[in-house]
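Coordinate analysis (summary)
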Amino acid sequence: MMEGSEIVTVAQMRAIESAAIGSGVTSGLNLMTRAGRAVAGQIRLRWPRPGRAVVLCGPGANGGDGFVAARALSQAGWRVDVLGAAPRPGSDAAAARAQWPGPVLPLTRAALRALPDADVYVDAIFGTGLTRPPEGEIAALLRHLGGEGGDGAFYRPRLVAVDAPSGLCLDSGVILGSGRGALPWHALRVAMTVTFDSPKPGHLLEHGPLTCGQLVVADIGLEPFRVQGGRGLRPALMTALWPRFELADRRRAQGPGGEGPWLRKQQSEGGHKYAHGAALIVAGGAGSGGAARLAARAALRVGAGLVTLAPPAAAMAEHGLPPDALMRRAVDDADALAQLASDRRGMALCIGPGCGVTRAAALLDAVRAAARPTVLDADALTALAKAPGALPPDCVLTPHGGEFARLFPDLADQLSTDAPSRPKPTILLEAARRIGAVIVLKGPDTVIADPQGQVAIHSDLYIPWLATAGSGDVLAGIITGLLARGLPAFDAACLGVRLHGAVARRHGPGLIADDLIDGLAPVIAEWDG
């Protein structure tokens, strides 16, 4: 069952377009015409009253889209000026330029500044085909639009990008010529980006969300060529959990039922609590129990039938706090944990939140031997980095950047602020395959990868209040509860991240970790997937 929208890489997008053109049902110029008209249509939706537009057209297909958009806006009553670079003779972009009835000014900063102020500026200079930083006059023009000279506040709310703000790598999400990390001050930031058929990784990763503004994915008739594979439907290997896009896709879950009724237990007819699984949360010693209690409460709230906290005997009194629905069992050593985990009924384990590295290391072999669906978080990840080895089936690791670096120092170097050699999803896939578990790399652009090759991205810059103590412990507990209820590891991680983000969006600023748990019930009550 596919949830969310497929994300396609630049190479996949080219293959989809080539398949459509090769089938004979459309042509490159026809696709370009649909794309340019879609851009013009989105501009007219956002700015209903015709005004003045300046369209900046590069030498490739992105520029061809721009010439089509310029013509559509002109036909709708807009006053349009076009600045353009010469396309390759005989190309679709050249045909689109030939259909533009007006003059084409040089694509330079000087030519732009000589024009009257406009209501909308369309960046159709570079799109998916860009592989190196812009240079020369075009680079100077882009720096001007980005704010060099102090005009950024004027241009930004008026800028519309075709496919991507020029200079953004649509596979990595990094501004070409810069490293990961802080967005370069002169980078182009636009009010709206119109892309076609599917979101690309770079729209959702790294600098992408900061530069793209409102992301609109326009349907240009490529769905059959995206979803079809051989004699059946091709699986989507990368999906967007957030933002949500209303895109045509036959692979998406259809019909009655779905996640909402399952989360609310409306699809079960009565049943014992064990029908919804049990979760065992390993807790730490005295003075460090809050994290494990957050995880346990989250697992209970997301529907696990029975949740047990397992602190050392000396810390049992501390863990006697509400909620009374939690069970408590003392676990002082690996033998005690092995005995608890030997229950023949379904059970998921969580170890790490507030556990302490020494205690997590002492219990790690027992966790492995239990072979239960497991979440490793926080201190357990540090312990694992010191004692690597095989992990249980259906295992989920939930590191932040520092924990990921301890587990995979060589891969973390590739995620540093140096110029990226590979996109983040590719790096996460290698990590998942190397360690044999699902990995949830937490951040504003959370990436989830599993060893079988699936990737999901949850990208939301607008819930910064999730950066609060205990937020990750709650996420670990949510995923543990979903594992206890029987979801496979990748599905549990994806649904857990979506629920976590949904509660944060619903709550708003001022959120603390306890609010995430309290907010799960109303979100689940309204959840429709």
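Up top you'll find the structure we're talking about.
Presented here is a report on the structure given in the accompanying data block. (Residues numbered from 1 in each chain as written. Predicted model: local features only at pLDDT ≥ 70, side-chain atom pairs only at ≥ 80, totals over all residues. Heavy atoms only, no water.)

1. A look at the overall build of the protein chain
Test applied: Numbering of helices and strands runs from the N terminus; a helix is a DSSP stretch of H or I covering at least four residues, while a strand is a stretch of E covering at least two. Exposure is judged per residue with a 1.4 Å probe applied to protein chains only, and the accessible area is read against the type maximum: over 50% gives exposed, under 20% gives buried, and values in between give partly exposed. All accessible areas in this document rest on Shrake-Rupley with a 1.4 Å probe, and a residue is counted as covered only by the protein chains that are shown. For the charge count, each Lys or Arg is scored as positive and each Asp or Glu as negative, with His and the chain ends excluded. Taken as the charge location is NZ of Lys, CZ of Arg, CG of Asp or CD of Glu.
Within the protein chain one finds 21 helices and 20 strands. Counting only C-alpha atoms and orienting by the principal axes, one finds that the protein chain spans roughly 80 × 45 × 40 Å. Taken across its 529 residues, the protein chain has 56% of its residues classed as buried. Within the structure as shown, the protein chain displays about 21000 Å² of accessible surface, and the carbon and sulfur contribution to it stands at 53%. Positive and negative side-chain charges of the protein chain, numbering 51 and 48 respectively, have mean locations separated by a distance of 4 Å.

2. Brief notes about the nonpolar core
In plain terms, the rule: The definition of a nonpolar core used throughout is a set of buried Ala, Val, Leu, Ile, Met, Phe, Trp, Tyr and Cys residues joined through side-chain atoms within 4.5 Å.
Core analysis: the largest hydrophobic core is formed by 54 residues, its most contacted members being Val396, Ile448, Leu482 and Leu499. If you list the elements that add at least two residues to this core, you get β12 (278-282), α12 (290-301), β13 (306-310), β15 (347-351), β18 (438-441), α19 (471-484), α20 (489-507) and α21 (513-526). Ranked by residue count, the leading element in this core is α20, at 11 residues. With 50 residues, the next largest nonpolar core counts Leu349, Ala383, Leu397 and Ala449 among its residues.

3. Overview of the sheet that holds strand β11 (residues 238-242)
Cut-off, in case you're wondering: The pairing criterion for strands is at least two bridges between them, as found by DSSP. The contact rule is simple, with two residues in contact once any of their heavy atoms fall within 4.5 Å. Angles run from 0 to 180 degrees between N-to-C directions of axes, and those axes are lines fitted to C-alpha atoms, restricted for helices to the stretch in contact.
Read from one edge to the other, the open sheet built from 11 strands follows the order β1-β11-β20-β19-β18-β17-β16-β15-β12-β13-β14, with strand pairing classed as mixed. A strand with exactly one partner marks an edge of an open sheet, and here the two such strands are β1 (5-6) and β14 (327-328). Of the strand pairs in this sheet, β12 and β15 are connected by five bridges, and their pairing is parallel. Bridge pairing in β15 links Leu280 to Leu349. Against the sheet, helix α14 (residues 357-370) touches β12, β13, β15 and β16 (374-376), its axis set at about 160° to β15. Packed onto the sheet, α20 meets β11, β17 (395-397), β18, β19 (445-449) and β20 (455-459) and runs at close to 5° relative to β20.

4. A word on the pattern of salt bridges
Our working rule: The salt bridge criterion pairs a side-chain nitrogen of Lys or Arg with a carboxyl oxygen of Asp or Glu, the two atoms within 4 Å.
In the structure shown here, the tally under the stated rule is 23 salt bridges. The partner of Asp81 in a salt bridge is Arg52, and the shortest N-O contact between them spans 3.2 Å. Placement of the pair is Asp81 in strand β3 (residues 79-84) and Arg52 in strand β2 (residues 52-57), with a sequence separation of 29 residues. The same class applies to Asp81 and to Arg52, which are both buried. The salt bridge involving Lys442 is made with Asp377; its shortest N-O contact spans 3.5 Å. Within this pair, whereas Lys442 is found in the loop between β18 and β19, its partner Asp377 is found in the loop between β16 and α15 (379-386), the two being separated by 65 residues in sequence. Exposure remark for Asp377: the relative accessible area of 2% places this residue in the buried category. One network of salt bridges, with partners in common, ties together Glu6, Asp197, Arg226, Arg234, Asp249 and Arg251.

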